[in-house]
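# Structural overview
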Amino acid sequence: GAGVSQSPSNKVTEKGKDVELRCDPISGHTALYWYRQSLGQGLEFLIYFQGNSAPDKSGLPSDRFSAERTGGSVSTLTIQRTQQEDSAVYLCASSLVHGVRGGNTIYFGEGSWLTVV
Amino acid sequence: AQRVTQPEKLLSVFKGAPVELKCNYSYSGSPELFWYVQYSRQRLQLLLRHISRESIKGFTADLNKGETSFHLKKPFAQEEDSAMYYCALGASGSRLTFGEGTQLTVNP
């Protein structure tokens, strides 16, 4: 597609339920990133993929959060036993190559707005 | 550790006035700095990066290593500049570290 695509765009879930958020990166982009944008806070890095492997998952806030990427393309972020503090916009991004330096540009999706009630 | 600080959460100016969005960073190595913008109901997008030394939509930003700052400036603000602006630092690895953002409102 023309840009990074995320689904669902909005999700309301009950506390304790599991949710899956999907990301389709720009075709050919090898690097994929997940960020979280909470109200009144900046963007928080969660995890990064190079191909199907995740060299850096240090930003995942707890073991309830996990992510995978298959076929070097689509990624799924899963949040188990959701809590109210998980409410946020989850942003996916991709880039052609690894890294933010040397002119490489990271492109963001429109985000998945998660509300836990 | 790397850190980005944007001291102003909200900034309001009148159309035609100069605007400066402040950004300070903390990083011991050689940083790459970026400004991202998010217009209402649109996705976050790259505005400019310091290595390009370019002007985008009339905005410029100069990296000042002595003051560890990367302030975003525009001499004459326009209403369409109203948006959320994020300063970001690219350092080790592949992640970007973002500031908390500044919501700019340009009043007619």
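Let me begin by describing the structure that accompanies this report.

Cut-off values and rules
Residues numbered from 1 in each chain as written. Chains lettered and ligands numbered in written order. Predicted model: local features only at pLDDT ≥ 70, side-chain atom pairs only at ≥ 80, totals over all residues. Heavy atoms only, no water. Helix = DSSP H or I, 4+ residues; strand = E, 2+ residues; numbered from the N terminus. Buried < 20%, exposed > 50% of the residue type's maximum accessible area, 1.4 Å probe, protein only. Contact = heavy atoms within 4.5 Å. Areas by Shrake-Rupley, 256 points an atom, 1.4 Å probe, with all protein chains shown as cover. Disulfide = S-S within 2.5 Å. Core = buried A, V, L, I, M, F, W, Y, C linked by side-chain atoms within 4.5 Å. Salt bridge = Lys/Arg side-chain N within 4 Å of Asp/Glu carboxyl O. Phe/Tyr/Trp six-rings, centres within 6.5 Å; stacked < 30°, edge-to-face > 60°. Buried area = accessible area lost by both parts, 1.4 Å probe. Polar contact = N/O pair within 3.5 Å; in protein donor to acceptor, adjacent residues only side chain to side chain. Nonpolar A, V, L, I, M, F, W, Y, C, P; charged D, E, K, R; others polar.

Another point: the overall build of chain A. Across its full length, chain A holds 0 helices and 11 strands. In chain A, the order of α-helices and β-strands from amino to carboxyl end is β-β-β-β-β-β-β-β-β-β-β. Along the first, second and third principal axes, the C-alpha set of chain A runs to 40 × 25 × 25 Å. Across the 117 residues in chain A, those meeting the buried criterion constitute 49%. Looking at chain A alone, contacts between residues at least 24 apart form 55% of all its contacts between residues at least 6 apart. Put simply, chain A shows about 5,400 Å² of open surface, and 47% of that area lies on carbon and sulfur atoms.

This paragraph deals with the state of the cysteines. All names here are of chain A. Throughout the structure, instances matching the rule amount to 2 disulfides over all chains. Paired by a disulfide, C23 and C92 hold their sulfur atoms 1.9 Å apart. Linking C23 and C92, the disulfide has an S-S dihedral of approximately -70 degrees and is accordingly described as left-handed. Of this pair, C23 sits in strand β3 (residues 19-24) while C92 sits in strand β9 (residues 88-95), and the two are 69 residues apart along the sequence.

Bringing the nonpolar core into the picture now. All names here are of chain B. In terms of nonpolar packing, the biggest core is built from 25 residues, with W35, L72 and Y85 touching the most fellow members. Elements with a contribution of two residues or more to this core: β2 (10-14), β3 (19-21), β5 (32-38), β6 (45-49), β9 (83-90) and β11 (102-107). Among the elements that make up this core, the one with the highest residue count is β9 (4 residues).

Residues and elements named next belong to chain B. Enumeration according to the criterion identifies 9 salt bridges over all chains in this entry. Put simply, E100 and K9 hold a salt bridge, and the shortest N to O gap is 2.6 Å. Placement of the pair is E100 in the loop between β10 (96-98) and β11 and K9 in the loop between β1 (3-5) and β2, with a sequence separation of 91 residues. The closest approach of N and O atoms between E20 and K73, which form a salt bridge, is 3.7 Å. Taken together, the residues span a long stretch of sequence, with E20 in strand β3 and K73 in strand β8 (residues 72-74) at a distance of 53 residues. Among the residues examined, K73 registers a relative accessible area of 41% and is labelled partly exposed. Ionic contacts of the salt-bridge type, sharing partners, join the residues E20, K22 and K73 into one network.

Applying the stated criterion across every chain yields a total of 9 aromatic pairs over all chains. Between Y35(A) and F108(A), the ring centres sit 5.8 Å apart and the planes meet at 55 degrees, which makes this aromatic pair tilted. Placement of Y35(A) in strand β4 (residues 31-37) and of F108(A) in strand β10 (residues 107-108) is noted, with a sequence separation of 73 residues between them. On the basis of relative accessible area, F108(A) is assigned to the buried category, the value being 2%. Here the aromatic rings of F108(A) and Y36(B) are separated by 5.6 Å at their centres, their planes lie at 85 degrees, and the arrangement is edge-to-face. Highlighted residues: F108(A) in strand β10 and Y36(B) in strand β5, drawn from two different chains. Grouped by ring-pair contacts, the aromatic residues Y35(A), F45(A), F108(A), Y36(B), Y86(B) and F98(B) constitute a single cluster.

Listed by partner, the interface residues are 25 residues for chain A and 22 residues for chain B. Across the chain A/chain B interface, buried area totals approximately 1,900 Å², and carbon plus sulfur atoms make up 47% of it. Sorting the residues of chain A by area buried against chain B places V100(A), R101(A) and F108(A) first, and these three jointly supply 32% of that buried surface. Summed over the shared surface of chain A and chain B, the result is 1 salt bridge. We note a salt bridge from R43(B) to E110(A), for which the minimum N-O separation is 3.7 Å. Summed over the shared surface of chain A and chain B, the result is 7 residue pairs in polar contact (both at pLDDT 80 or more). Listed by contribution, the elements that provide at least two residues to the side of chain A that touches chain B are β4 and β5 (43-50) of chain A. Here the side of chain A that touches chain B is built from residues that sort into 9 nonpolar, 13 polar and 3 charged.

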